[in-house]
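A look at the structure
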Amino acid sequence: MDTQALEYGTCTAFLELGTTGGIEEHLVPTNSLASDEAEREAVLEQSDDHALVSSTFFPPEDKGGFVLSRVVEDGYALELRWMSRSTGPGEHDERTFPPARFAFPARVVSSPAFAMVDGALQVIVLSEHGYLYALIFTIPTLFNETNLEEGEWSHEFKVLALEGRVPVLLHQVDHRRVIIATEDGFTVAVNIVFEEGGIDETVLKSSKSFFSRGLIPSFSTRNLAGDGSASSPSQLVALASSPRRSFAFGVTRDRRLKSWKLGSGEVFKDDALPNSDSTASSSPSSNKLAHLLPPTPQPFLKIIHGDDDRFFLVLYSSGVFYLYRVNTFDNGDLCEYHLVHQKSCPATPGTLVDFDVVKYGIKGPEDTWTLWTLWEEGGAGEVRFVALPPLDEMLADDDEDEDEDEREWTAVTPGSTGQEWTAAYFDELLDDEDEGGVHVFLEHLLYPGRYPPATLLFAINTYTSLLISETDPHTRPEVLDPLYEFATIEHRIAAVVASCVSLEHSPQTGAPLYELHNKHVRAEWLRFVAITNESRQSALFPLALGVDAQRKLALVLHRDALSAPMVSDTVHVLQRLSHDPSARSELLALPESALESSYEHLAPRGVRHDLFHILAAISTLESALPPFALRKLETELVKTVRTPLNRHISDIAVALYEDSLEPFVGATTNEALLDTLRVLVTPEASFQVLWTLLTTSEVVRPVPEGRGTPSDLTVVLLADAITSSVEARYDLVKGLATLLLFLNGDEACADVVPELDSLTSATLATLHTLASLRWVVRQASPPRPSPPSDELNLAERLGSLHVNHSATSDLPPEAQVASFSLLSGLLRLPQYSPPIPTSTTPLAYALATALSTFIAHTRLITQKRQVIDAAADVDFASTLQRVGLPQQALEFVEMYPTGAGMLFVKGLAYLDTGRGDDAVVAFKKAAPALLTRLDEASGISLVLPVDIAGSLARYYRHVVDLFLQHDLDEAVAIFAALALDACAEEGDDDVDELWATLFTAQCDLTLYEDAYVTLASIPDPKTKSDCLAHLVEAVCEDGATALLTTWAFVGLQAELERLLSHRANAADPLATPNYHRILYAYYVSKGDYRSAGATMFQQARRIGKLQARDLDGQHEIATLQCQSYLAAANALSLVDKKHAWVTVAADDSAAGEPTSKRRKITYCIPDKVVKTAMGGSALSRPAEIVELADIRREYKVALSRLELSEGDEYGELGRTIITVDPSATVKAYSLRGAYESALATAHALDVDMSDLFEKLTESCVALSRTTTGLPSSVTDWVALNDDSASWEGSLASKAWRLLECYLERYDDPTTLQYRLVVLEHSLAVNANGQVPSWLVDAFLERDGQLLVRTMLKFDRLEDAFAYSLVAIAAAPPPTSPAATTLPYSLFDQLLALTPESTSALSPDALKTRQRDLKAAIATRLAEVERADRSLAKSNGV
């Protein structure tokens, strides 16, 4: 294969973007004195932590990876990374190896030395204090061992010969021997004896007899380009040796090439460098210093080994590379070296940074000896390489041919260093911006992969420090406070930059000076961008080459990045040609055979001719437009292709031309374009080739089998390469579209390109595709939320990519690393991850092929001739949604026509972002596609399960499931109803679950009326029963129980009552909702008062078994119990008396109640009746009939307990589970002085009230005697009574009157039980007191005999005689001898009294009273006799 025409570009990877974990830090054990820690910290604070020196080590055994070493932290630390190009079986995976940093007590000198010894990695490091450190790491964990702090992995050696000297260069001979050069020209070879723990030192002698000593600053970036005035001219700046031989070569500052015998230290040869003697001799002594080489180490020497035992010395001097054949004696000593080849650089691109000669080439055969070089100019690096003749064929003889061969240098096009991002660059972007253009700067700074986070952080810290130093602390913005917190570095940049710019006002008019303000804002942003670019350029400063033939890779090591050459695709070639007319001529002159195997589309000479003229026409047209017009045209083009094209393509093109092109294309430009286009040989074919190049992915070189997964390094390199390719394609298609607009709009060009409409349509479609892909590569990865600790979600697996847990659980472990952009995240997904060969293909080809493979795998770049949403577009949008980027998926979908597939993905993305209403609209719009077509072209088949195809009902079911996962009940109800309708049309009877889903959603939305209608429509009885239970629970929990009394529940009333009863029995009676009350309300609404009463009585009984933790809670329980009893009593009061009863289980007596004797039944009551009365519970034990009176009695007990518990004295009575005797309750009321409550309770509970009335009588008697000095217990029951408050009279009169009321209320009018108690007690405590007339009258009316007897009992003879006379007088006239009965026996007792038997009356008074009584008795008896005679006469006797 002839690859001479291949061109090469560069892809770059910042190390931070390819680092998957944190950096492990280790302190190297040491016995030496450490540097000043304060000075070290001060240096680090101002440092950007870029590497000072970087190198690679490729283990001889093919492990697939390599070691990258970097001297960082201003030289105080050595960073080691294990890296590889791909991961696969048998290879090290750098993702399991985070970088490791080893801190040294002093700065590290030069690059470390590496070697593999007995399966272990050995690293030798030299410090500026003259100490050697040998670090040993075992395979396979290397420097990422977890036990480094404990193992003997570090050995320290003091080099005595370096005492008082400053080492500047370390060179490794083999794993034991190193050579150290100092600034004063001193050189020593050190042999490390690990077995003895010491070293052997051999001084390499100089041809001179003295050493000039001097002091230069320590090795750091500050002296990398020093003038060398403090170092000796004999200082070595380059060393080379062979581990197979015991000699070494070196180059000194005074341009001398020396060689030593390492065993003795003797100088073998000392020659001037080629092309340097004449310069030195002709130079005056004053210019000798300028003639000296810089004192920093230089890549002037390399020793390479041929295929046999021969080896060669490669020397660089004055722009020429010299290749010497080194001859040795049989004993291995150096004999001589002869020049066998030389290669000069035709145009030296700058300063040589590094070079290597490796049997690895990417141009021609891979096993070609190739000279690789790295150059630096202005901080940018450039790689050039050239093939060398076979080394073994180079023979040195006396007539050696030093002529140049015909092999030409190949330059690798470097990547962007940011030097083009100047103020002029931003001025072009901002020339039409009315405001400060902050969004332009932010888009530039946040472009994925352009600036690593560390660069942005260093820049914003530097900028903040500048602002702090320039502003007054009193007026300084708050965002400059070091303690001010920002969510991200992006937020900090946006807030801090230009924060000190304030809006000024005109001193003349006071008007705000917006234009001046915007100018100052732009200046501040340009200032920050300049700092950022400076840091970025520093990070990209080239340090070394890393080339390995075994792994077939070539890398450029930068201070904080790696870059790799890669084969440029045709689009990159065309892009370069569009800006380089001279390169077009060179490529046009190539024969077709030189391009057939590399850039086959450019092989035909005629096509090349036409393509170059097309590119020239595009360049001419774009240069005629001012920057703002180009941006406006681009915006209009993209807007047009993302809008449905409803007009003919020519009309659209002409409209765009007239609006955005015609005003800027003058006659001169027009004529120049016509002249360029008219020379096209095959315009139609050439335009078609250009369009084909933009719409296809080309495989530059087939990749063999045995491919691996891209490593972290390769992912970042690929992301940069893909981004560059997409941007190039986009710029080219944008230019092509601009040219086609001109051809459509200019009438003179009508005949230039046949089939112009078709080509224009295809080009606009390609512009749409590439604009979409360009959007993809410009997407930074969104912030990652903190995932649940107990769940391995895909946000962890994809790093910064948000991941939908339910959709991507099958992602492989390869995706479990961080991503710095959307593109880098996609490169880790199996469907988009391009295969990378492990070590069988040069990396330059592997990257180019992987780029093409990615474009092919995404299928976004296809040969569309119209703007459509193809299946690949739908699949890509679905991928964005599935990996947890719904917002990005929505943005991507908005770029395409809204076909069914895109609409469905849109709905899914809306769901993920919480926009349920929008998702409903999208899913509805996608539904009709299932009725028309469901093929691959629609894309809908890619995002729907296979079993949904062709069925609208199954589609709606699927959508219902989606909404259920997001708890969007309103949408669930909508699509469940649609699914039911579709099932009815398709004859699908399996709808029970759908009915239940619809019903549940309506309940969750509190659409209870709709839910009831749905309930009535459910055909399946079991489903209907389950839904009824759900409805009952929903309305009760929501407090909408009134609905249960308004709905008919046709055919469901029994089930409803059963459900409510079951819940009432099972639920906590204190819980909310209270199902007892709900059931009570339901029964009342239906007029079933008996069941209502039974329900509330059951609740009262259940409450009686509860116990609260505190008295407040117990009071609440007791109150609820009283309310339940009262409700039960009221309900049963509305029932016929013979039905006013309920049944309870025999052992379900009321808590706190003494067991009463009630009727127990075990028969005669039907089960149905018992179940109803028991609240739906079947009887499992004998039942007990509880009548209304019993309920009222229990209510009174509960109420009494509640009232008594309100005080501290009887607080425990509030506990419903405590049993209390009724008489004790009455007594408690009495002790409180609550006589009215005590009387009422005693009356309700059938408790004797004698004691109560005795106490009341005592109070009345006491009040009758006096109203002063009496305790409150005597007076309060009267004074605080509501009734007595309105009465007139004294407190004593009120007391007797209140007592009279109590007697009328609670005393039996027949037996006069409590009146007698009052009478007797009043006579007992007040023997001479007057008995209330109302009390006397009561006895006289009902039982005068009892009154007389009581008076006689208490020796109240005066009253006894008086009441006897009253009783005789009040007796009705007798109609017969037996008409009335007077207490004559009592009269006899009174008449039988003698003065000696009583002292209540005087003898005279006694005689008088007895005489009066006798007279009254005689009168009464006379009346009885007359009545008797009258009766006898009437009977004829």
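Residues numbered from 1 in each chain as written. Predicted model: local features only at pLDDT ≥ 70, side-chain atom pairs only at ≥ 80, totals over all residues. Heavy atoms only, no water.

1. Focus: the overall build of the protein chain
For clarity, the threshold we go by: Helix and strand assignments come from DSSP, with helices taken as H or I runs of at least 4 residues and strands as E runs of at least 2, each series counted from the N terminus. When accessible area is computed with a 1.4 Å probe and restricted to protein chains, residues below 20% of their type maximum are described as buried, those above 50% as exposed, and intermediate ones as partly exposed. By the convention used here, residues are in contact when the closest approach between their heavy atoms is within 4.5 Å. Methods summary: accessible areas were calculated by the Shrake-Rupley approach with a probe of 1.4 Å, and residue burial reflects only the protein chains presented.
Of regular secondary structure, the protein chain possesses 50 helices and 35 strands. Counting over 1437 residues, the protein chain shows a buried share of 54%. Within the protein chain, residue pairs in contact and separated by at least 24 positions form 65% of the contacts whose partners lie at least 6 positions apart. Total accessible area on the protein chain stands at roughly 62,400 Å², and carbon and sulfur atoms take up 50% of it.

2. Points about the nonpolar core
Basically, it comes down to this: Nonpolar cores were defined as sets of buried Ala, Val, Leu, Ile, Met, Phe, Trp, Tyr and Cys residues, with membership established by side-chain atoms within 4.5 Å.
Counting residues in hydrophobic clusters, the biggest one holds 217 residues, and the most contacted among them are Phe687, Phe892, Phe904, Phe923, Tyr955, Phe963 and Leu1031. Considering every element that reaches this core, the biggest residue donor is helix α17 (residues 712-745), with 20 residues. Among residues more than four places away in sequence, those in contact with Phe904 are Phe923, Ala926, Ile940, Val943, Leu944, Tyr955, His958, Val959 and Leu962. Counting 63 residues, the second largest nonpolar core, distinct from the first, contains Val1226, Leu1263, Val1336 and Leu1352.

3. Re the sheet that holds strand β22 (residues 320-328)
For the record, the criterion: Between any two strands, pairing holds if DSSP finds at least two bridges. Between the N-to-C directions of two axes lies an angle of 0 to 180 degrees, each axis being a line fitted to C-alpha atoms and, for a helix, fitted only over the stretch in contact.
Read across the sheet, 4 strands follow the order β20-β21-β22-β23 without closing on themselves; strand pairing throughout is antiparallel. Sheet topology places β20 (301-305) and β23 (334-344) at the edges, where each strand pairs with a single neighbour. The sheet shows a mean angle of 25° between the axes of neighbouring strands, direction not considered. Pairing geometry for β22 and β23, over 9 bridges, is antiparallel.

4. Describing helix α29 (residues 969-986)
Basically, it comes down to this: Take the residue count of a helix, subtract one, and multiply by 1.5 Å to get its expected span.
The terminal C-alpha atoms of α29 lie 25 Å apart, and with 18 residues this matches the ideal 26 Å at 1.5 Å per residue to within 8%. Of all the residues in α29, the buried ones are Ala971, Val972, Ala973, Phe975, Ala976, Ala979, Leu980, Ala982 and Cys983. Looking one or two residues past α29, Gly987 carries a phi angle of roughly 75°, positive in sign.

5. Examining the confidence of the model for the protein chain
The cut-off we apply is this: On a range of 0 to 100, pLDDT expresses the predictor's confidence in each residue.
Counting all residues, the mean pLDDT for the protein chain is 81, and 85% of those residues have values of 70 or more. Confidence drops under pLDDT 50 across residues 277-286; counting only partners more than four residues distant or on other chains, this segment forms 4 contacts.

6. Focus: helix α28 (residues 952-965)
The terminal C-alpha atoms of α28 lie 20 Å apart, and with 14 residues this matches the ideal 20 Å at 1.5 Å per residue to within 8%. Taken residue by residue, α28 has Leu952, Ala953, Tyr955, Tyr956, His958, Val959, Val960, Leu962 and Phe963 as its buried positions. Directly after α28, the chain includes Asp967, whose backbone phi takes a positive value near 55°.

7. Overview of the packing of aromatic side chains
The cut-off we apply is this: Only rings of Phe, Tyr and Trp enter the pairing, Trp through its six-membered ring, and a pair is recorded when the two centres are within 6.5 Å. The plane angle decides the type: under 30 degrees is stacked, over 60 is edge-to-face, the rest tilted.
Under the counting rule described, the total for this entry stands at 50 aromatic pairs. Seen in terms of ring centroids, Phe104 and Tyr133 are 5.3 Å apart; in terms of plane orientation they differ by 65°. Their pairing is edge-to-face. On the criterion of sequence distance, the pair formed by Phe104 in the loop between β7 (100-103) and β8 (108-117) and Tyr133 in strand β10 (residues 131-138) is long-range, its members being 29 residues apart. Note on accessibility: Phe104 and Tyr133 belong to one class, buried. Consider the rings of Tyr360 and Trp372, whose centres lie 6.0 Å apart with planes at 15°: the pair is stacked. Taken as a pair, Tyr360 in the loop between β24 (351-358) and β25 (370-377) and Trp372 in strand β25 lie far apart in primary sequence, 12 residues in all. Of the two residues, Tyr360 and Trp372, neither departs from the other in class, the shared state being buried.

8. Focus: the pattern of salt bridges
Pairing is possible between side chains that carry opposite charge, provided their charged atoms lie close to one another. Counted only if it meets this: Salt bridges are identified by distance alone: a Lys or Arg side-chain nitrogen within 4 Å of an Asp or Glu carboxyl oxygen.
Under the counting rule described, the total for this entry stands at 39 salt bridges. Salt bridges linked by common partners bring Arg70, Glu73, Glu79, Arg81, Arg101 and Asp560 together as one network.

9. A few points about the pairing of strand β19 (residues 267-272)
The side chains of a regular strand alternate between the sheet's two faces. Inspection of the sheet shows strand β18 (residues 256-261) paired to β19 by 5 bridges, in the antiparallel sense. Directly across from Arg256, in β19, lies its bridge partner Ala272. Remark: 5 residues form the turn of the hairpin made by β18 and β19, two consecutive strands paired antiparallel; Gly265 in that turn has positive phi of roughly 80°.

10. What about the packing of helix α41 (residues 1235-1244) against helix α44 (residues 1291-1306)?
Axes are the key here: two packed helices are described by the angle between their axes and the distance separating the axes. Here is the rule: In this scheme, roughly parallel covers angles under 35 degrees and roughly antiparallel covers those over 145, while 65 to 115 is roughly perpendicular and the rest are oblique. By convention the crossing between two helices is left-handed if the near helix lies anticlockwise of the far one by an angle smaller than a right angle, and right-handed if it lies clockwise. When residues are grouped by polarity, Ala, Val, Leu, Ile, Met, Phe, Trp, Tyr, Cys and Pro land in nonpolar, Asp, Glu, Lys and Arg in charged, and all others, Gly among them, in polar.
At a minimum axis separation of 11 Å, α41 and α44 run at an interaxial angle of 10°. Classified by the angle their axes make, α41 and α44 are roughly parallel. In this structure, the crossing between α41 and α44 has a hand that is right-handed. Counted together, Glu1236, Leu1239, Ala1240 and His1243 of α41 and Tyr1302, Arg1305 and Tyr1306 of α44 form the full contact between these two elements. Grouping the constituent residues of the contact of α41 with α44 by class yields 4 nonpolar, 1 polar and 2 charged.

11. Observations concerning the side chain of Gln235
Mapped onto the elements of the fold, Gln235 is located in the loop between β15 (198-203) and β16 (236-241). The class for Gln235 is buried, based on a relative accessible area of 0%.

12. Notes on a negative patch on the surface
As a reminder of what qualifies: Think of a patch as exposed residues, more than 30% relative accessible area, with no salt bridge, where like charges cluster within 9 Å and nonpolar side chains (Val, Leu, Ile, Met, Phe, Trp, Tyr) cluster within 5 Å. Asp and Glu are treated as the negative residues and Lys and Arg as the positive ones, with His and the ends of the chain left uncounted. Taken as the charge location is NZ of Lys, CZ of Arg, CG of Asp or CD of Glu.
There is a patch of like negative charges on the surface, built from Asp961, Asp989, Asp990, Asp992 and Glu993. Within the fold, Asp961 resides in helix α28.

13. Some words on the state of the cysteines
We apply this condition: By definition, disulfides here are pairs of cysteine sulfur atoms that lie within 2.5 Å.
Enumeration according to the criterion identifies 0 disulfides in this entry. Here Cys1003 is not disulfide-linked; the sulfur of Cys1027 is the nearest cysteine sulfur, at 7.6 Å.

14. Some remarks on the sheet that holds strand β11 (residues 154-158)
The strands making up a sheet are joined through hydrogen bonds of the backbone, oriented either antiparallel or parallel. The sheet built from 4 strands is open, its strands ordered β8-β9-β10-β11 with antiparallel pairing. Only two strands of the sheet have a single partner each, and these edge strands are β8 and β11. Sheet twist, expressed as the mean angle between neighbouring strand axes with direction ignored, is 20°. With 7 bridges joining them, strand β9 (residues 120-127) and β10 adopt antiparallel strand pairing. The residue bridging Val123 from the neighbouring strand is Leu135, located in β10.

15. A closer look at unusual backbone geometry
In this structure, the amide linkage connecting Thr1072 to the following residue, Pro1073, adopts the cis form with an omega of 5°. Among the secondary structure elements, Pro1073 is positioned in the loop between α34 (1053-1066) and α35 (1075-1085). Notably, Ser318 is not glycine yet its phi reads approximately 55°, a positive angle. Tracing the backbone shows Ser318 in the loop between β21 (311-317) and β22. Ser318 gets classed as partly exposed once you look at its relative accessible area, which sits at 45%.

16. Remarks on the pairing of strand β12 (residues 167-172)
The buried count for β12 comes to 6 of 6 residues, which makes it a mostly enclosed element. Examined bridge by bridge, β12 and strand β13 (residues 177-182) share 5 bridges and lie antiparallel to one another. Note that in β13 the partner of Pro167 across the bridge is Thr182.

17. Overview of the packing of helix α46 (residues 1333-1342) against helix α47 (residues 1344-1353)
At a minimum axis distance of 5 Å, the contact between α46 and α47 shows a crossing angle of 125°. In terms of axis orientation, α46 runs oblique to α47. Residue-level contacts link Val1336, Phe1339, Leu1340 and Arg1342 of α46 to Gly1344, Leu1346 and Leu1347 of α47. For the contact of α46 with α47, the per-class residue count stands at 5 nonpolar, 1 polar and 1 charged.

18. Here's the deal with the environment of Leu1059
Looking at the secondary structure, you find Leu1059 in helix α34. The class for Leu1059 is buried, based on a relative accessible area of 9%. Residues contacting Leu1059, with those up to four places away along its chain left out, are Leu1028, Ala1029 and Val1032.

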